[in-house]
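# Commentary on secondary and tertiary structure
Next come the chains, spelled out residue by residue.
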Amino acid sequence: MSEAINDVGESVETGESAAGKVKKFMFINRKSPYGTIYALESLEVVLISAAFDQDVSLAFFDDGVYQLVKGQKTQGIGIKNHSPTYRALDGYDIEKLYVEKESMELRGLTTEDLLVPVQQLSRGELSKLIDTQDVVLSF
Amino acid sequence: MEFGILINEGPYTHQASDTAYNFAAAAIGKGHKIHRVFFYHDGVNNGTRLAEPPQDDRHIPKRWSEFAKNHNIDLVICVAAALRRGIKDENLAEGFRISGLGQLVESGIQADRLLVFGD
């Protein structure tokens, strides 16, 4: 049994019933980083899933690719900039980050514009990857 | 089959909670099991006991409460999302409980399928 601290400082027991079972979890992020809370609350689940030693990957589609863009400054909208957390993910052994090529191109982005190293895959390649997952959470 | 359910949207504004309910009821009707229903994002608002919808409309929180009671279903509200939105034990509808996000991840691990209802 392992323990982790969640975002409200509560100790989380990862539980013996869940221990030992490793599933492929993919988190699909489709929304821009601000404007709605989905990006931030998705990140919160991602961090908790790391405590359960699951095989975690993240995929970014549509406006979701903006979540990873460098140089986010949120002072003007009075909302906390949560983007530095993406850089901390490798510390949680979450290293599989994918962006959809079509979404990037449509927005004039390249992987150079992003905060973290990612693998850029086509829509078709990503759909095959999604097919191999056990649990897909879409935010 | 055992299903985990995640509801990401609030009641009435969005159909997610209705669709999830209809799915869950149909699954139980066919002899399947519901491992847990987890409420996240604005979905935590499904667990308020202060809702008073018009008489001629469905009562979404009460419908979940009765479903939980009749079929012994675990209804879990995410604590972090709930505190942000003012959902606490003192205004929680019957049959719901407040717990951590670990309960969602555990449901993903334990259930045969995890279904996401949201935008």
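Our structure is the block above this text.
The rules we used
Starting afresh in each chain, residues are numbered from 1 along the sequence in its written order. Working convention: letters from A go to chains and numbers from 1 go to ligands, in the order in which they are written. Side-chain atom pairs in this predicted model are given and counted only at pLDDT of 80 or more, local residue features only at pLDDT of at least 70, and totals for whole chains, interfaces and linings cover all residues. In computing side-chain values, all of the structure's heavy atoms are included and hydrogens and water are not. Think of it in three bands: with a 1.4 Å probe and only protein chains considered, a residue is buried below 20% of the maximum accessible area for its type, exposed above 50%, and partly exposed in between. The secondary structure listing takes helices from DSSP runs of H or I that are at least 4 residues long and strands from runs of E that are at least 2 residues long, numbered from the N terminus. Pairs of strands are assigned from DSSP output, requiring at least two bridges between the strands. Orienting the strands away from the viewer, one traces the path from the first strand over the helix to the second; a clockwise path indicates a right-handed crossover. By convention in these notes, a salt bridge is any Lys or Arg side-chain nitrogen within 4 Å of a carboxyl oxygen on Asp or Glu. We call two residues contacting when some pair of their heavy atoms lies within 4.5 Å. Two parts placed together each lose some accessible area under a 1.4 Å probe, and adding up what both lose gives the buried area. Distance and chemistry together define a polar contact, namely a pair of N or O atoms within 3.5 Å, with one atom able to donate a hydrogen and the other to accept it when in protein, and with adjacent residues in sequence counting only for side-chain atoms on both sides. Note that Gly is not counted as nonpolar here; it falls among the polar residues with everything else outside the nonpolar set of Ala, Val, Leu, Ile, Met, Phe, Trp, Tyr, Cys and Pro and the charged set of Asp, Glu, Lys and Arg. Helix axes are fitted only over the stretch in contact, all axes being lines through C-alpha atoms; the angle between N-to-C directions runs from 0 to 180 degrees.

All names here are of chain B. For strand E2 (residues 33–39), the buried fraction is high: 6 of the 7 residues fall into the buried class. Relative to E2, strand E1 (residues 2–7) runs parallel, the two being bridged by 6 bridges. Along E2, the bridge assignment pairs glutamate 2 with lysine 33. Read as a crossover between parallel neighbours, the route from E1 over helix H1 (residues 16–29) to E2 is right-handed. In the sheet, E2 pairs with strand E3 (residues 75–78) via 3 bridges, with the strands oriented parallel. Bridge pairing in E3 links valine 37 to leucine 75. Tracing the backbone out of E2, into helix H2 (residues 60–71) and back to the parallel element E3 gives a crossover that is right-handed.

Residues and elements named next belong to chain A. With 4 of 5 residues buried, strand E5 (residues 96–100) lies mostly within the body of the structure. In this structure, E5 lies alongside strand E6 (residues 119–121), joined through 3 bridges in parallel fashion. Within the sheet, the bridge partner assigned to tyrosine 98 lies in E6 and is glutamine 119. This β-α-β element, E5 to helix H3 (residues 101–106) to E6, shows right-handed connectivity.

This part covers the pattern of salt bridges. Residue and element names in this part refer to chain A. As enumerated under the stated definition, the model contains 14 salt bridges over all chains in all. As a salt-bridge pair, glutamate 100 and arginine 123 come within 2.5 Å of each other at their nearest N and O atoms. Here glutamate 100 is found in strand E5, whereas its partner arginine 123 is found in helix H4 (residues 123–131), with 23 residues between them in sequence. Using a relative accessible area of 47% as the deciding quantity, one classes arginine 123 as partly exposed.

Residue and element names in this part refer to chain A. With a phi angle near 50°, aspartate 53 is a residue other than glycine that sits in the positive phi range. The class for aspartate 53 is exposed, based on a relative accessible area of 55%. The backbone of aspartate 93 sits at a positive phi, close to 65°, despite the residue not being glycine. In this structure, aspartate 93 sits in the loop between helix H2 (84–88) and E5. Owing to a relative accessible area of 65%, aspartate 93 belongs among the exposed residues under this scheme.

Taken together, the contacts link 28 residues of chain A with 24 residues of chain B. The contact between chain A and chain B buries some 2100 Å² in all, and 59% of this surface belongs to carbon and sulfur atoms. When the buried surface of chain A facing chain B is broken down by residue, Tyr38, Glu41 and Val45 of chain A rank first, second and third, together holding 22% of it. Counting every contact that joins chain A to chain B gives 3 salt bridges. For glutamate 44 of chain A, the salt bridge is made with arginine 84 of chain B, and the minimal N-O distance between the two is 2.8 Å. Here chain A is connected to chain B by 10 residue pairs in polar contact (both at pLDDT 80 or more). If you tally residues by element for the side of chain A that touches chain B, the top one is helix H1 (residues 38–51) of chain A, at 8 residues. Broken down by class, the residue content of the side of chain A that touches chain B amounts to 14 nonpolar, 6 polar and 8 charged.

Residue and element names in this part refer to chain B. If you walk across this open sheet you meet the 5 strands as E4-E3-E2-E1-E5, and the pairing is parallel. Edge strands, defined here as strands with exactly one partner in the open sheet, are strand E4 (96–99) and strand E5 (113–117). If you compare each strand with its neighbour and ignore which way they point, the axes differ by 25° on average. The strands touched by H1 within the sheet are E1, E2 and E5, with E1 carrying the most contacts at an inclination of about 170°. Here helix H4 (residues 102–110) sits on the sheet in contact with E1, E2, E3, E4 and E5, set at roughly 155° to E2.

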